[in-house]
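# Geometric and topological summary
These are the residues of each chain, in order.
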Amino acid sequence: YSIMIEYEYYDWTSLIDATARESMAQDIHSLVEQGKYWKNSPPYQTDVNVFGLQGEHWNNLKMSFIWSAFAYMKQERQIKTIKSWGYKTNADTQEDRDTYWHQHIRQDSLVLSGVYYLHLPRDVNLQTSGTEFAPNGPESAGHFYAPAKLGQWIIFPGKSWHRPGILEKQEWRYIVAADMEI
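To start, this report covers the structure provided alongside it. As the structure is a computational prediction, the values presented were derived from the model and not from experiment.

Before going further, it helps to examine the overall build of the chain. Scanning the chain from terminus to terminus reveals two helices and eight strands. Secondary structure elements of the chain occur, N-terminal to C-terminal, as β-α-α-β-β-β-β-β-β-β. On C-alpha atoms alone, the chain measures out to a radius of gyration of 15 Å, which is about the 16 Å that the 2.2 N^0.38 rule sets for 182 residues. C-alpha atoms of the chain, sized along the principal axes, occupy 45 × 40 × 30 Å. Counting across all 182 residues of the chain, residues that qualify as buried make up 49%. The long-range share in the chain, meaning contacts at least 24 apart out of those at least 6 apart in sequence, stands at 81%.

With that out of the way, let us pick up the pattern of salt bridges. Tallying each qualifying case throughout the model produces seven salt bridges. Where arginine 122 meets glutamate 171, a salt bridge forms, and the shortest distance between an N and an O atom there is 3.7 Å. One end of the pair, arginine 122, is in the loop between β3 (111–119) and β4 (131–133); the other, glutamate 171, is in the loop between β7 (162–164) and β8 (173–181), with 49 residues separating them in the sequence. Given the relative accessible area of 63%, arginine 122 is considered exposed. Judged by its relative accessible area of 22%, glutamate 171 is partly exposed. What you see here is one network of salt bridges that share partners, running through Lys83, Arg106, Asp179 and Glu181.

This part covers the side chain of serine 160. By secondary structure assignment, the location of serine 160 is in the loop between β6 (152–157) and β7. Classification of serine 160 as buried rests on a relative accessible area of 8%. For serine 160, the contacting residues outside a window of four places in its chain are Ile5, His102, Gln103 and Phe133.

All told, the structure shown has 13 aromatic pairs when counted by the stated rule. Between tyrosine 7 and tyrosine 9 the ring centres are 5.8 Å apart and the planes differ by 90 degrees, which places this aromatic pair in the edge-to-face class. Between phenylalanine 133 and phenylalanine 156, the ring centres sit 5.0 Å apart and the planes meet at 80 degrees, which makes this aromatic pair edge-to-face. Of this pair, phenylalanine 133 sits in strand β4 while phenylalanine 156 sits in strand β6; the two residues are 23 residues apart in sequence, bridging distant segments of the chain. Judged on exposure class, the residue phenylalanine 133 and its partner phenylalanine 156 are both buried. An aromatic cluster of three or more residues is present, and its members are Tyr7, Tyr9, Phe133, Phe144 and Phe156. The positively charged end of lysine 88 is found above the aromatic ring belonging to tryptophan 172, 4.3 Å away from the centroid. Positioned over the ring face of tyrosine 9 is lysine 149, at 4.1 Å from the centre of the ring.

Cut-off values and rules
- Residues numbered from 1 in each chain as written.
- Predicted model: local features only at pLDDT ≥ 70, side-chain atom pairs only at ≥ 80, totals over all residues.
- Heavy atoms only, no water.
- Helix = DSSP H or I, 4+ residues; strand = E, 2+ residues; numbered from the N terminus.
- Rg over C-alpha atoms; globule rule 2.2 N^0.38 Å.
- Buried < 20%, exposed > 50% of the residue type's maximum accessible area, 1.4 Å probe, protein only.
- Contact = heavy atoms within 4.5 Å.
- Salt bridge = Lys/Arg side-chain N within 4 Å of Asp/Glu carboxyl O.
- Phe/Tyr/Trp six-rings, centres within 6.5 Å; stacked < 30°, edge-to-face > 60°.
- Lys NZ or Arg CZ within 6 Å of the ring centre and 35° of its normal.

These figures capture arrangement, not role.
Shown next, in the form of structure tokens:
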């Protein structure tokens, strides 16, 4: 049988405009330039909780994630923790995609995950550059892509097997990912 992954998009382009998204992409670029990224993860995933960075744009992004997660659950819940990170990547930094499959599972917590698309390369295939899901696990059939949507959060259960979509351009792709533990 096939397991269905329930995901939803939340559009925040009216609150977080192109200028704010560009500022956040520049902040992530600066963190990477300063070496503030995990060396044991695919390049370049920041090792800084980006929701803690200064600026109205970061506060708006954090609050939009919280609101999106509550809307996804159709209720407000007590939050244990929120983790966030930036991710700057392109075709040149893409490694073996089979190593990218992962889940976000925390002991004694339910985890909701989100990906926010800050910047996508021009003329990119939006369908395959978003988030790829494997409802029955990476080794099973039934993988599918949830398209990349600029300025929107995609929210899904952290236990879902997922990985970044296909990178086909040299231009940088910037996203923010976040987990809410409840």
